[in-house]
Structures are given as C-alpha cells and as structure tokens.
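# Secondary and tertiary structure notes
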Amino acid sequence: MNTQPSESRKKRSARRAGEFPPPPEPLAVPVFDSHTHLDITVHEAGMPGGRAADPVEALITAAAKSGVDRLVQVGVDVASSRWGAELAARHPSVLATVALHPNEAPTLDDLDEALREIETLAAESRVRGLGETGLDTFRTGEAGRPAQERSFRAHIAIAKRYAKALVIHDRDAHQDVLRILDEEGAPDTVVLHCFSGDADFAAECVRRGYLLSFAGTVTFANAGDLRAAAVVTPPEQMLVETDAPYLTPVPYRGRPNASYLIPLTVRALAEVTGRDLDALCAAISANGERVFGSWR
Ligand SMILES: [Zn+2]
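Model, not experiment: these values are computed from the prediction. (Residues numbered from 1 in each chain as written. Predicted model: local features only at pLDDT ≥ 70, side-chain atom pairs only at ≥ 80, totals over all residues. Heavy atoms only, no water.)

## Side note on the environment of Glu119
Test applied: Helix and strand definitions here come from DSSP, where helices need a minimum of 4 consecutive H or I residues and strands a minimum of 2 consecutive E residues; each element is numbered from the N-terminal end. The rule is simple: take the accessible area with a 1.4 Å probe, protein chains only, and divide by the maximum for that residue type; under 20% is buried, over 50% is exposed, in between is partly exposed.
With respect to the element layout, Glu119 can be found in helix 5 (residues 111-122). Judged by relative accessible area, which is 18%, Glu119 ranks as buried. Residues Glu119 and Ala154, spaced 35 residues apart in sequence, show a C-alpha to C-alpha distance of 9.4 Å.

## Details of the packing of aromatic side chains
Basically, it comes down to this: Centre distance within 6.5 Å is the pairing criterion for rings of Phe, Tyr and Trp, where only the six-membered ring of Trp is used; planes under 30 degrees apart are then read as stacked, over 60 as edge-to-face, and the remainder as tilted. Cation placement over rings: the criterion is NZ of Lys or CZ of Arg within 6 Å of the ring centroid and within 35° of the ring normal.
One pass over the full model with this rule turns up five aromatic pairs. With a centroid separation of 6.4 Å and an interplanar angle of 50°, the aromatic rings of Phe20 and Tyr260 are classed as tilted. In this pair, Phe20 sits in the loop between helix 1 (7-12) and strand 1 (31-36) while Tyr260 sits in the loop between strand 8 (238-240) and helix 10 (262-273), placing the two residues 240 residues apart along the sequence. Accessibility expressed as a relative area gives 3% for Tyr260, which makes it buried. Ring plane angle 55° and centroid distance 5.8 Å describe the contact between Phe195 and Phe214, whose orientation is recorded as tilted. Of this pair, Phe195 sits in the loop between strand 6 (190-193) and helix 8 (199-207) while Phe214 sits in strand 7 (residues 211-214), and the two are 19 residues apart along the sequence. According to the relative accessible area criterion, Phe214 is buried, its value standing at 0%. One aromatic cluster is present, formed by Phe32, Phe292 and Trp295 through successive ring pairs. Over the face of the ring belonging to Trp295 we find Arg70, whose NZ or CZ atom lies 5.2 Å from the ring centre. Between Arg253 and the ring centre of Phe220, over which it is positioned, the NZ or CZ distance is 3.5 Å.

## Re the confidence of the model for the protein
Caution applies to low-pLDDT parts of the model: their predicted coordinates are not meant to be read in detail. Using the following cut-off: pLDDT measures how confident the predictor is about each residue, on a scale from 0 to 100. Whether two residues are in contact is decided by their heavy atoms: any pair within 4.5 Å suffices.
Model confidence for the protein is summarised by a mean pLDDT of 93, while 93% of its residues fall at 70 or above. Overall, residues 1-16 carries pLDDT values under 50, and its contacts beyond four positions in sequence, including any with other chains, amount to 35 contacts.

## Concerning helix 9 (residues 224-231)
Rules: What the arc measures is the spread of directions leading from the helix axis to the C-beta atoms.
The complete set of buried residues in helix 9 reads Leu226, Ala229 and Ala230. On an axial view of helix 9, the arc spanned by its buried residues comes to 100°, and they lie on one face. Where helix 9 is buried, its residues touch helix 8, strand 7, strand 8 and helix 10.

What follows is the structure, encoded as structure tokens:
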C-alpha cells in the first residue's frame, strides 16, 4: 500500500528517533483514537515489534489489544486524504476525515482544485469529517495567512454541505478560529483536535458545544494550563487522541506514538479530572459514535 508522504509532509515532520514504547496495561472499557496518522506513522517509525507484511494492520491490531478498538485516520493533503478514505472504506475499525492541513494549503499551486478533490472525498460514506483544517500562525508566516484562512473557510462550508464533523487544528490562533467560525457559522459538530488552550478558552468552547480532544500533551510536565482545561471539560464533550506519530505521552516523549498508547493519556485525563477511568472511557466512546457516527 502506498504510504509515501508528500515532500511537504516530510519537511513538516522531523523523523522520529527510537523504538516504539512497550504496550501499556489494556483498558477495561474500550475507547477510540479520535486523531491519528497511520500513513505518516508507518513511513516515519515503521511498526511496533519490527517488520510486518502489513504495518498499518499491525498498528490497528496493537491498538485493539490496548482496548483502543476504533480510530479516526486524519488527512493532511489530497493524497493522504484519499489514502485514509480508501482505508476506512475497507476497514471496520477505521473512519476517515479529509482535509488540507493549514500549513499545507498555502503551499499549493492550485488550492481551488485541491479543495474540489477534498469535497469529492467528503461525500464518501466512511469519511465522517473535514480535518485537519484550521489556523496555524506558528508555522505559517504572514504571506501564507490569506490562503490558510480561505482554505479553513472552504472546509467549514464543505462540512456543513455534507453534515460532517469539522476537525480543527488551532495553533496559536484561538481567537481567530472562533472569529472565523462565527463569521461562517459553525457546523453542528466541531472538534478541537489536540486542544491547546487554557481553562478559559476551554470553558468558551464547552459553552459553544464543541468537543475538546486531548492528546499526550496533557501528560507533559509543563502542561498545567492544559490540565486545568481538562478539568472544566465535561465528559460528554471530551475526546482523546494520539496525533500519532507525534506527541507521545510521558514517560516516552521523543519516541514514536501510536494508538496503542492511548491508555496512558486517558488514564492521565481520569486522574487529572478525578473521574472514574471506566466511566470516562464509556463517555468518550459514546461521544465518538455521536460525533463521527457508527464504525459498523
Ligand atoms: Zn494531526
């Protein structure tokens, strides 16, 4: 299967060093990974345990053994979105979202043509969201901002036309993300992927009915604001994700991430929020079916 990433993706992501961490104790109540990049993981880090005939299948199987029995494969450009849509179409544990990443959109020669391709993919039945789209003022400079914003607005419109979830990448752009959602009118379902705000921003997103997806960053030592954000997020609006192969939770920072490590992050979320782990997993699982629809 084609897992070659685009040139831009290679540039965007430093190669992961080191081995995959050992599997954590499995979850008693299954949960799902709301945001993963299997194609990039395989390309950059291979698979846990070395070589396999089908490394993507091996990652999905490893996740299931950890109690992570479903996942959402997220697109970042036309090629990866098409790859994810094809995987979801034939794999019962996988749903897909499709999009041009906010740092990808400004680099394209023909943004409109790429958006048309994304819209075509968005119509597919196992494509359940538009993402990751949004704003990133950290990696994209002034010159790229107009294209980034135009792409975000176009993804919002597609999400509404097809009644699919909007999966937002927001890096250093909290207020602009909210402003554009207000200007365009938000879709019914909005997910803030790898939520990175503080308790105030979390409370505002909760008030708006958005879902906050917490990644391994919630386990980082310097992430007190993020843990405060988790505390004000009700279980009904909480998701958990890896963003694999990135953002590997403590104590394995610097090593590759994958969906089978979700138990580390969801256990940290239960601890930080003082909630029962099994109840939290059940709530997050139910949120997944509500936000992305059934995997079956
Ligand atoms: Zn991502």
